[in-house]
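# Fold and geometry: a report
Listed here are the chains, written in short residue letters.
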Amino acid sequence: MNAIECTSLTKTYLRKKVLNEISFTIEENKIIGLIGRNGVGKTTLLKVIAGFIKETSGELKVFGNHPFNNLHASVNTIFVDDQMSFPPALQLHELLEAAQAFYPNWDMELAQRLFNYFGFEPKHYHNTLSKGRTSTFNMIVGLSSRCPLTIFDEPTTGMDEAVRHDFYRALLKDYIAHPRTIVISSHHLNEVEDLLEDVLLLKNGKVKLHMPISELKEWAVGLKGSSALVRQWAEGREMIYQQYIGQDTMLAVVRNDFTDEEIQRVRRAQIEVLPVRASDLCVYLTNDTKGGIDDVFSDR
Ligand SMILES: Nc1ncnc2c1ncn2[C@@H]1O[C@H](COP(=O)(O)OP(=O)(O)OP(=O)(O)O)[C@@H](O)[C@H]1O
C-alpha cells in the first residue's frame, strides 16, 4: 500500500508557487529523505502531508485520506521539528504521559530508556530546554510514538555530533524492529544517506529526482584529468558540475550513461573515473550554475 499519494500538488504563498504541481508516491514502510536547498519548500510540503496546512490545489492522500483537518491522519502521523509545541504547564515526564494517551502505538519503555540515556530531568519544563536538548526531547517523542507516518523536519537542529550519531542509530534500530514510513528532511544528507531507502529531491517547486539511494549513488560519475580530454568525453552527455583544478586539470560530473567498454577507454586515456557521493550530487543538482560558488569568482 502507498503511504502518500500526491498528484499535481500546488501550494501558493502570496501568489508565489512554492510547490508547483508536484506528483509522487511514497510506499509504506520506507525511510525517505526529503532533500533540497533552503527555502525550496520542504517544510511546506511536510506540513501539508501532516495536515497542518491546506494545499492550494491538487490531490493528496495519506493512507487513503486527505490529511487536512482529519483526525485519522493526526493520530497516525507525527510531525517532529524544533518548533513542536507542548503545554507549557506540564513537566517533561507529564508530556510523555500525555503523548502515551494520544498515540495508540506509543512505547513508554522506549521513551523512558531514551529519556534516561540522554539524561533528562523528569521535572524540567520543555520551554526551558536548550536548542539541542529541545530537538533531543522531540526526537524521543517522535520515535516513541511509533506513528505509521513519522515526519522529521530537520530533526537534528542544535544537536551536537554525538547526539546526532545516537539519534540516527536509534532511528535505524527502532525502524528495523518496527517498520513504518519515515520521512526525514535534512541538510546533512552525508550523515543520513546510509539510513535512507529513497531520496526525494526538490528544486524550484518541482520534484527534481525521486529514486532509491542505491540508484542515486550510481546516477552520475566524475571524470578527472586533462581538461581537453575530459571535455571530449563529457561532450554530448548531461553535464552536472564542472570544476577547474590548477592549470589544465578538470573535474566534470556527468550523467552516468557509460558502457563498461567506454569506462575502460576513459581510464586508458588517463582520466580518473570517480564515484559521486549522493550528498554531493544533490548539491550539484540543486545549484543554479554548473560551477557552484566558484562561478562567482570566475572571469573577474
Ligand atoms: N506562512 C508563510 N507565508 C508566506 N510565505 C511562506 C510561509 N511559509 C513559508 N513561506 C515561504 O515558502 C518558501 C518555502 O519555505 P519552506 O520553509 O517550506 O522551505 P524549506 O525548504 O523548508 O527551507 P529551509 O531548508 O530553509 O528550512 C520560502 O520562500 C518561505 O519564505
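Residues numbered from 1 in each chain as written. Predicted model: local features only at pLDDT ≥ 70, side-chain atom pairs only at ≥ 80, totals over all residues.

By the naming in an unreviewed UniProt entry, the protein chain is ABC-2 type transport system ATP-binding protein, taken from Anoxybacillus andreesenii.

Turning next to unusual backbone geometry. Backbone geometry places N29, a non-glycine residue, at a positive phi of 60°. You can see N29 is positioned in the loop between β2 (16-27) and β3 (31-35). Although it is not a glycine, E154 adopts a positive phi angle of roughly 45°. For E154, the location among the structural elements is in the loop between β6 (149-153) and α6 (161-177). (Helix = DSSP H or I, 4+ residues; strand = E, 2+ residues; numbered from the N terminus.)

The subject of this paragraph is the site of the ligand. Around the ligand, the surrounding shell consists of Y13, L14, V18, G36, N38, G39, V40, G41, K42, T43 and T44. The greatest single-element share of the shell around the ligand, amounting to three residues, is contributed by helix α1 (residues 42-50). Classifying every residue of the shell around the ligand by side-chain character gives four nonpolar, six polar and one charged. (Near = placed C-beta within 6 Å. Nonpolar A, V, L, I, M, F, W, Y, C, P; charged D, E, K, R; others polar.)

Bringing the pairing of strand β7 (residues 181-185) into the picture now. Along any regular strand, the residues point their side chains to alternate faces of the sheet. The element β7 is extensively covered by neighbouring structure, given that five of its five residues are classed as buried. In this structure, β6 lies alongside β7, joined through five bridges in parallel fashion. Looking across to β7, one finds that T150 is bridged to I182. (Buried ≥ 20, exposed ≤ 12 C-beta atoms within 10 Å, placed from the backbone. Pairing = 2+ DSSP bridges.)

We now examine the pairing of strand β5 (residues 77-80). Burial along β5 is two-sided: T77 and F79 and I78 and V80, pointing in opposite directions, are all buried. Two strands pair when backbone bridges link them, and β5 and β6 are joined in this way by four bridges, in the parallel orientation. By the bridge assignment, T77 is partnered in β6 with L149.

Let us look at the domain arrangement of the protein chain. Its domain assignment divides the protein chain into domain 1 (2-215) and domain 2 (218-297). Computed over C-alpha atoms, the centres of domain 1 and domain 2 are 35 Å apart. Tallying the contact residues gives 13 residues for domain 1 and eight residues for domain 2. Every element with two or more residues in the side of domain 1 that touches domain 2 is listed here: α7 (189-192), β8 (198-203), β9 (206-212) and α8 (213-216). Per-element accounting of the side of domain 1 that touches domain 2 gives the leading share, three residues, to β8. Tallied by class, the residues present in the side of domain 1 that touches domain 2 amount to six nonpolar, two polar and five charged. (Domains from an automatic or database assignment. Contact = placed C-beta atoms within 7 Å.)

Moving on to helix α5 (residues 131-144). Between its terminal C-alpha atoms α5 stretches 20 Å, which fits the 20 Å expected from 14 residues at 1.5 Å a residue. Where burial is concerned, most of α5 is hidden: eleven out of the 14 residues are buried. Looking only at α5, the buried set comprises T134, S135, T136, F137, N138, M139, I140, V141, G142, L143 and S144. Residues of α5 that are buried sit in contact with β5, α3 (92-102), α4 (108-117), β6 and α6. (Expected span 1.5 Å × (residues − 1).)

The sheet built from four strands is open, its strands ordered β11-β12-β10-β13 with antiparallel pairing. Among the strands making up the open sheet, the edge pair consists of β11 (239-245) and β13 (272-275). When the angles between neighbouring strand axes are averaged without regard to direction, this sheet yields 20°. In this structure, strand β10 (residues 220-226) lies alongside β13, joined through four bridges in antiparallel fashion. In the sheet register, V221 faces β13, and the bridge partner there is P275. (Axes fitted to C-alpha atoms, helices over the stretch in contact; angles between N-to-C directions.)

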